[in-house]
Amino acid sequence: LPMYDLVVFGHVLNELPEAVRQEVIEMAWKQCAGVLLIVEPGTSTAFPIVKTAREQLLRQGAFTLAPCAHDNECPLIDDWCHFPQRLRRPRFQRQARDASAGWEESKFSYAAMARFPLEHAVWGRLIHQPRVQKGFVELTISSKDGLVQPRILKRDREMYRQSVAYEWGEALAEPICAEQER
């Protein structure tokens, strides 16, 4: 079988029956010499497909490059991991959809799995937009330690400003105020 440095599934797996999906993932992994990237719609229906594929690949010895900062089972329950991406709409698409905006926001779920561990792994990644409340900001982070939700108080001005400025999907090199986690 030929080997490939990069194998990409883009909005494919959610179209396949479960048994076929597992076979396709197994075949792709056998032919992957580097990274297997799975991208599906960022919906509560498509995310479990990405989650199951990631777990299948972990059982076969894969390492998670992103979005998770760990190789453990996904800790999300009654939630799904997805990220926004602003896409430019070509003129013909704006006309076909009778859309005035030159862009649309598309959400996606993904898993980047590799035959090798990251040389410089991140501590965590924001898997939701920072939630700013009166007096604090709350973050939801997939970290090396699992799912963490630090609450940064407004009185910690510098950390609060930094936390409010984080972007959904951003990788974090170091832990965030572990003493303020709830």
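Scroll up for the structure.
Residues numbered from 1 in each chain as written. Predicted model: local features only at pLDDT ≥ 70, side-chain atom pairs only at ≥ 80, totals over all residues. Heavy atoms only, no water.

Visitor: Quick one: what's the story with the packing of aromatic side chains, residue by residue and with numbers?
Guide: What the rule picks out here adds up to three aromatic pairs. Here F83 and F108 contribute two aromatic rings whose centre-to-centre distance is 6.2 Å and whose plane-to-plane angle is 40 degrees, an arrangement assigned as tilted. Remark: F108 occurs in strand 5 (residues 103-114) and F83 occurs in strand 4 (residues 83-88); sequence separation between them is 25 residues. Between the aromatic rings of F108 and Y110, the centroid separation amounts to 5.7 Å while the plane-to-plane angle is 45 degrees, which identifies the pairing as tilted. Here the two residues F108 and Y110 agree in accessibility, since each one is buried. Here the aromatic residues F83, F108 and Y110 are joined through ring pairs into a cluster of three or more. The ring of W29 carries the charged tip of R115 above its face, separated from the ring centre by 3.9 Å. It is R151 that lies over the ring of F136; its NZ or CZ is 4.2 Å from the centre. (Phe/Tyr/Trp six-rings, centres within 6.5 Å; stacked < 30°, edge-to-face > 60°. Helix = DSSP H or I, 4+ residues; strand = E, 2+ residues; numbered from the N terminus. Buried < 20%, exposed > 50% of the residue type's maximum accessible area, 1.4 Å probe, protein only. Lys NZ or Arg CZ within 6 Å of the ring centre and 35° of its normal.)

Visitor: Outline the pattern of salt bridges, listing residues and values.
Guide: A complete count under the given rule lists five salt bridges for this structure. In this structure, the salt-bridge partner of E18 is R21, at a minimum N-O distance of 2.5 Å. You can see E18 and its partner R21 sitting in helix 1 (residues 18-30), three residues apart, about one turn around the helix. Since its relative accessible area comes to 34%, E18 is described here as partly exposed. Given a relative accessible area of 11%, R21 falls into the buried group. Of the charged contacts in the structure, one is a salt bridge between E138 and R131, with a shortest N-O distance of 3.2 Å. (Salt bridge = Lys/Arg side-chain N within 4 Å of Asp/Glu carboxyl O.)

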